[in-house]
Every structure is written in structure tokens, then in C-alpha cells.
Amino acid sequence: MTVSSENMELEGLKRLRSGKVRDIYDLSDSYLMVTSDRLSAFDVVLPDAIPGKGRVLTRLSLFWFERMKRLVGNHIISGNAEDFPEACRAHVDYLRDRSMWVKKAEPLSIECIVRGYISGSGWKSYKKDQTVCGISLPSGLQESEKLPEPLFTPSTKAEVGDHDINISFEEAVNLVGRETAEKVRDLSLAIYTEAAEYARERGIIIADTKFEFGMVDGEIILIDEVLTPDSSRFWPVDSYAPGSSPQSFDKQIVRDYLETLDWNKQPPGPRLPEEIILKTANKYEEVLQLLTDIKK
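As annotated in an unreviewed UniProt entry, the protein chain is Phosphoribosylaminoimidazole-succinocarboxamide synthase from Desulfobotulus mexicanus. According to the UniProt record, the Pathway (unreviewed entry) comment for the protein chain is "Purine metabolism; IMP biosynthesis via de novo pathway; 5-amino-1-(5-phospho-D-ribosyl)imidazole-4-carboxamide from 5-amino-1-(5-phospho-D-ribosyl)imidazole-4-carboxylate: step 1/2." As its UniProt record puts it under Sequence similarities (unreviewed entry), the protein chain is described as follows: "Belongs to the SAICAR synthetase family."

Have a look at this one:
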């Protein structure tokens, strides 16, 4: 089923909010999190969807939530649409493989970013003053080089259309308290380290990633999505070389295409050629199969 980038209306369900990619429905004592095929680039939701993208993100998240639950609890009640509450049954064909029934958690006000390699905004910051989020790094690093050890670099949470802002660890402490900041730092680094080792064995470098945590009954749990091409920078091991910007297993194909256009990176976004849509869909499918062996 190809899903357009328009917001789906699920009759009989109360939609709480829509993000760039996900729609959240209020089920009274729990949430239904639905992952669309929408694609955002440069913080703009594009008019064309990527077929199968929502399925890939959901199945990959469910895989990682299960794998990491020995390190930290999570918000998953069920990823099987047939198990969802009665109110969801009329939409089970649409919800299958692209939705999660989850606990209601109180999200922390920071996003937890781990960088194992220096790229993106981290590389820009390093070139400016040899630091990333206030952390001093050795001189002589190249773009995309593996860091001496993974860095925890939190950020603020932005509204749709705005940019997250990198902050120091002490600024994160001011937002969530020292005990919580230290806890999510340690969890983030532990999850990243295990995932990076596993992924590398399967031909993927996890250069950096973003985690979100929330509170349920006084306990910190992992929420939202985990280690997907939308929340992480995945590079192929076989073509990786420091000193350049490696091709990613994500929407980099779309970003590269958009950079060739005379577009000011403001809404509305431009239409995508069919070739770009298909190439991007194939990249998402490829990373799912490499990491999980899940086939179409």
C-alpha cells in the first residue's frame, strides 16, 4: 500500500498530534504511534512519500527495542496490529507493520545524541574551534573519522519546522537534573556501543544516532523510534573512508537531489522524480534487510 504524504485520518481514533513522519493517537490509557511514508528534508515535509518507509522504520525500531530491553525498558505494549485495542480494528490493514501500541510516557525535554564518528554539525563545530558541544577533541581529525570514544552530545527538542539546538552536558543537567542527565547519558552510550558493534558485523557503520527517553511510574524508559535511518547516520562499511562524506543508508539521495535545485529550503517542498523515490525506498529496504534479515 502506497501512502501519500498527506495525513491519514483514522475514523474513530483521536489524533493527538502529527509530526514530520509520525501521527500519535490517544487511546485513553495508551498511545497508538503510526509511522507514515512521509519524508522530510531540511526540516520540510515533502509532497511525495517514499513507499514502504513507514514499515521499515517501525519494524527496525521494534527490532532494536527488543534487542536493547536488557539494558533499558521501553514503551512498547505491542507491535502486532492484531493485538491493538478494539478501536483500532477497523484500520488494521493500514496499521499492520507501520504502527506501535505504546505506554503513555512523559518525554524528557532533551534529545540524546551519540556520535561515534565526526560528521554533520559536529564536523562543522570541530572545524570552527576543535570542539563538539563544548567537548574538546584532538587536533588533526578528518571529516567522518572515528572518534577516540563515542560522545554524548544532547540537544533541545524543536517543534516541527524548527531546528534542534546542540547543548552542553551541563545545560542538559539544568533542563532535566543531574541524576537523570547522567542516567540517560550512560544508557545512550551503552545502547550505541552495542548497536554499533552488531551493525558493523553486518556491513553498516552507525556514525551517530539520536535517542529519546521518557518517564513512566518514575522509571526512565526508551521511547519514540530507535536506530533507524531517520534517527541515525548509517554508512556502508565497504566504501567508508575518512576525509570525505560517505553515502548514507537514508534520505541522503533526496538531500543530494534537492541541493541541485533552486529551492530556498522553505515550504512547500519540491516534487521528487520517480527515480529518486524508488532509489530512496530501496535504500531503506536494504538497511532493514542487512540489520534484521526481514524481507518484504
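## Brief notes about the packing of helix 1 (residues 53-68) against helix 7 (residues 274-292)
Contact pair helix 1 / helix 7: the axes reach a minimum separation of 9 Å and the direction vectors enclose 20 degrees. It follows from the interaxial angle that helix 1 and helix 7 lie roughly parallel. The chirality of how helix 1 crosses helix 7 is left-handed. Judged by residue contacts, Lys53, Arg55, Val56, Leu57, Arg59, Leu60, Phe63 and Trp64 of helix 1 engage Tyr284, Glu285, Leu288, Leu291 and Thr292 from helix 7. Class assignment of the residues belonging to the contact of helix 1 with helix 7 gives a composition of 8 nonpolar, 1 polar and 4 charged.

## Overview of the pattern of salt bridges
According to the stated counting rule, one finds 23 salt bridges in the structure shown. Notably, a salt bridge pairs aspartate 23 with arginine 38, separated by 3.0 Å at the nearest N-O pair. Of this pair, aspartate 23 sits in strand 2 (residues 22-26) while arginine 38 sits in the loop between strand 3 (30-35) and strand 4 (40-41); the two residues are 15 residues apart in sequence, bridging distant segments of the chain. The same class applies to aspartate 23 and to arginine 38, which are both buried.

## Points about the packing of aromatic side chains
Enumeration according to the criterion identifies 10 aromatic pairs in this entry. Their ring planes at 70 degrees and their centres at 6.3 Å tell us that phenylalanine 152 and phenylalanine 169 sit as a pair that is edge-to-face. Residue phenylalanine 152 is located in strand 12 (residues 146-152), and its partner phenylalanine 169 is located in helix 4 (residues 169-176); the two are separated by 17 residues in the primary sequence. Assigned by exposure class, phenylalanine 152 and phenylalanine 169 land together as buried. Ring pairs connect the aromatic residues Phe63, Trp64 and Tyr198, which therefore count as one cluster. Note that lysine 265 overlies the ring of phenylalanine 42, its terminal NZ or CZ placed 4.9 Å from the centroid.

## Here we look at helix 3 (residues 120-129)
Turn by turn, an α-helix covers 3.6 residues, leaving residues three or four places apart pointing in a common direction. Within helix 3, burial applies to Gly122, Trp123 and Tyr126. Relative to the axis of helix 3, the buried residues are bounded by an arc of 100 degrees and lie together on one face. Residues of helix 3 that are exposed and point over 90 degrees away from its buried face: Lys124, Lys127 and Lys128. In this fold, the buried residues of helix 3 make contact with strand 9 (110-117) and strand 10 (131-132). Among the residues trailing helix 3, glutamine 130 stands out with phi positive, at a value near 65 degrees.

## Looking at the nonpolar core
Trp64, Phe211, Phe213 and Leu291 are the most contacted members of the largest nonpolar core, which totals 65 residues. Discounting residues that sit within four places of it in the chain, phenylalanine 211 has contacts with Glu111, Cys112, Val114, Ser188, Ile191, Tyr192, Leu222, Val226 and Leu227. Counting residues in hydrophobic clusters, the runner-up holds 13 residues, among them Leu10, Tyr25, Ala81 and Cys88.

## As for the side chain of arginine 55
With respect to the helices, strands and loops of the structure, arginine 55 is situated in helix 1. One polar contact links arginine 55 to glutamate 285, side chain to side chain, over a distance of 3.1 Å.

## Some words on unusual backbone geometry
A cis geometry characterises the amide bond from proline 267 onward to proline 268, with omega recorded as 0 degrees. Here proline 268 lies in the loop between helix 6 (252-258) and helix 7. A positive phi angle, close to 65 degrees, is found at aspartate 43, a residue other than glycine. On the secondary structure map, aspartate 43 appears in the loop between strand 4 and strand 5 (44-45).

## Observations regarding the side chain of serine 40
Along the chain, serine 40 falls in strand 4. Those residues within four positions of serine 40 in sequence are excluded, and the remaining contacts are Lys20, Val45, Leu46 and Lys251.

## Focus: the sheet that holds strand 7 (residues 99-103)
Pairing is antiparallel across the open sheet formed by 5 strands, whose spatial order is 1-2-3-7-6. Of all the strands in the sheet, just strand 1 (14-18) and strand 6 (76-78) have a single pairing partner and so form its edges. Within the sheet, the average angular offset between the axes of one strand and its neighbour, ignoring direction, is 35 degrees. Across 2 bridges, strand 6 lies against strand 7 in antiparallel orientation. Along strand 7, the bridge assignment pairs isoleucine 76 with valine 102. Contacts from helix 1 reach strand 2, strand 3, strand 6 and strand 7 within the one sheet, and its direction differs from that of strand 7 by about 45 degrees.

What counts, and where the lines are drawn
Residues numbered from 1 in each chain as written. Predicted model: local features only at pLDDT ≥ 70, side-chain atom pairs only at ≥ 80, totals over all residues. Heavy atoms only, no water. UniProt positions renumbered as here; feature names shortened; annotations may be inferred. Axes fitted to C-alpha atoms, helices over the stretch in contact; angles between N-to-C directions. Helix = DSSP H or I, 4+ residues; strand = E, 2+ residues; numbered from the N terminus. Parallel < 35°, antiparallel > 145°, perpendicular 65-115°, else oblique. Left-handed = near helix turned anticlockwise from the far one by under 90°. Contact = heavy atoms within 4.5 Å. Nonpolar A, V, L, I, M, F, W, Y, C, P; charged D, E, K, R; others polar. Salt bridge = Lys/Arg side-chain N within 4 Å of Asp/Glu carboxyl O. Buried < 20%, exposed > 50% of the residue type's maximum accessible area, 1.4 Å probe, protein only. Phe/Tyr/Trp six-rings, centres within 6.5 Å; stacked < 30°, edge-to-face > 60°. Lys NZ or Arg CZ within 6 Å of the ring centre and 35° of its normal. Arc of directions from axis to C-beta. Core = buried A, V, L, I, M, F, W, Y, C linked by side-chain atoms within 4.5 Å. Polar contact = N/O pair within 3.5 Å; in protein donor to acceptor, adjacent residues only side chain to side chain. Pairing = 2+ DSSP bridges.

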